[in-house]
Amino acid sequence: MTLRVQILKDKFSQSLGLPFKELLPESVIRLAISELKIKYKKRLFDPFVTLWAFLSQVLDTDKTCHNTVSKIIAHLAESEVEVPSTDTSAYCQARARLPEKLLENIFNFSAQSLEEKVRTEYLWCGRNVKVIDGSTVSMPDTVENQKEYPQPSSQKEGCGFPIAKIGVIFSLATGAAIALCIDRCSEHS
């Protein structure tokens, strides 16, 4: 990890509140919600707060829901709004309600927005170079995961986990992921 990336990661993980509110404006999330025709109730854990909190949780060294709810409470305290309970269940339920398509749209918007800001001096020999990387990930052994990503035949049934292969394309100029593919992990002989 480069020093700049580590500095940014440390800054976000040590900040109080929801630092992604500045990087990912409500207007961007609202546009994605509108495009996808997502309906939601106006509540404390609306898609905006939930998404900002989730992004903070992913980058934080303390990835617990309790820590994340504490950051939400700090954010609300700044706004002089009634502080909610420290119970994590409402946040966890709200996070589960975030549609995957919403996350995908915001990812694509962010990648496109970054690419549009690349100046020619950041290009390699005038070219916008892309880097591809791939890996596999295992996931919890649930009926849904087994259906979508069946475990490889090399594993005995009931003795393994569903595995997905992932491929990511990065922009060399920005360092940002600009495309992502998740698929079943098939075996070839």
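Above this text is the structure in question.
A short tour of the structure in this document, coming up. (Residues numbered from 1 in each chain as written. Predicted model: local features only at pLDDT ≥ 70, side-chain atom pairs only at ≥ 80, totals over all residues. Heavy atoms only, no water.)

**Overview of the environment of Pro84**
Looking at the element boundaries, Pro84 is found in the loop between α5 (65-78) and α6 (89-97). Take Pro84: its relative accessible area is 22%, and that puts it in the partly exposed class. Sequence-wise, Pro84 and Val69 are 15 residues apart; in three dimensions their C-alpha atoms are separated by 9.2 Å. When near neighbours in sequence (up to four residues on either side) are disregarded, Pro84 contacts Leu44, Ile73 and Leu76. (Helix = DSSP H or I, 4+ residues; strand = E, 2+ residues; numbered from the N terminus. Buried < 20%, exposed > 50% of the residue type's maximum accessible area, 1.4 Å probe, protein only. Contact = heavy atoms within 4.5 Å.)

**Considerations on the pattern of salt bridges**
One pass over the structure, following the stated rule, counts 6 salt bridges. With a closest N to O distance of 3.1 Å, Lys42 and Asp46 form a salt bridge. (Salt bridge = Lys/Arg side-chain N within 4 Å of Asp/Glu carboxyl O.)

**Brief notes about the packing of helix α3 (residues 26-35) against helix α4 (residues 47-59)**
Packing of α3 against α4 brings their axes to within 10 Å, and their N-to-C directions diverge by 115°. Handedness of the crossing formed by α3 with α4: right-handed. Here Glu26, Ile29, Arg30 and Ile33 of α3 come into contact with α4, specifically with Pro47, Phe48, Leu51 and Trp52. In terms of residue class, the contact of α3 with α4 is made up of 6 nonpolar, no polar and 2 charged. (Axes fitted to C-alpha atoms, helices over the stretch in contact; angles between N-to-C directions. Left-handed = near helix turned anticlockwise from the far one by under 90°. Nonpolar A, V, L, I, M, F, W, Y, C, P; charged D, E, K, R; others polar.)

**Remarks on a nonpolar patch on the surface**
A cluster of nonpolar side chains, contributed by Trp124, Val131 and Leu172, occupies part of the molecular surface with about 310 Å² of accessible area. The residue Val131 is located in strand β1 (residues 130-138) in this model. (Patch = residues over 30% accessible without salt bridge, like charges linked within 9 Å, V, L, I, M, F, W, Y side chains within 5 Å. Areas by Shrake-Rupley, 256 points an atom, 1.4 Å probe, with all protein chains shown as cover.)

**Considerations on the side chain of Thr50**
In this structure, Thr50 sits in helix α4. Given the relative accessible area of 1%, Thr50 is considered buried. Of the polar contacts made by the side chain of Thr50, one reaches the backbone oxygen of Phe45; its length is 3.2 Å. Those residues in contact with Thr50, other than ones at most four positions away along the chain, are Phe45, Tyr91, Ala94, Arg95 and Leu98. (Polar contact = N/O pair within 3.5 Å; in protein donor to acceptor, adjacent residues only side chain to side chain.)

**Re the sheet that holds β1**
As summarised here, the arrangement of the 3 strands in space is β1-β2-β3, forming an open sheet in which the pairing is antiparallel. The strands lining the two open edges of the sheet, one partner per strand, are β1 and β3 (177-184). Here the average twist between neighbouring strands, direction ignored, is 20°. Pairing between strand β2 (residues 163-171) and β3: 7 bridges, direction antiparallel. Bridge assignment links Gly167 to a residue of β3, and that residue is Cys181. Those strands touched by helix α7 (residues 100-116) are β1, β2 and β3, and its axis lies near 145° from that of β3. (Pairing = 2+ DSSP bridges.)

**Points about the nonpolar core**
Counting residues in each nonpolar core, the largest one holds 23 residues, and the members touching the most others are Leu24, Ile29, Trp52, Ile72, Tyr91 and Ile106. Elements represented by at least two residues in this core include exactly α3, α4, α5, α6 and α7. Filtering out sequence-adjacent residues up to four positions away, Ile72 remains in contact with Leu18, Phe45, Val49, Ala53 and Tyr91. (Core = buried A, V, L, I, M, F, W, Y, C linked by side-chain atoms within 4.5 Å.)

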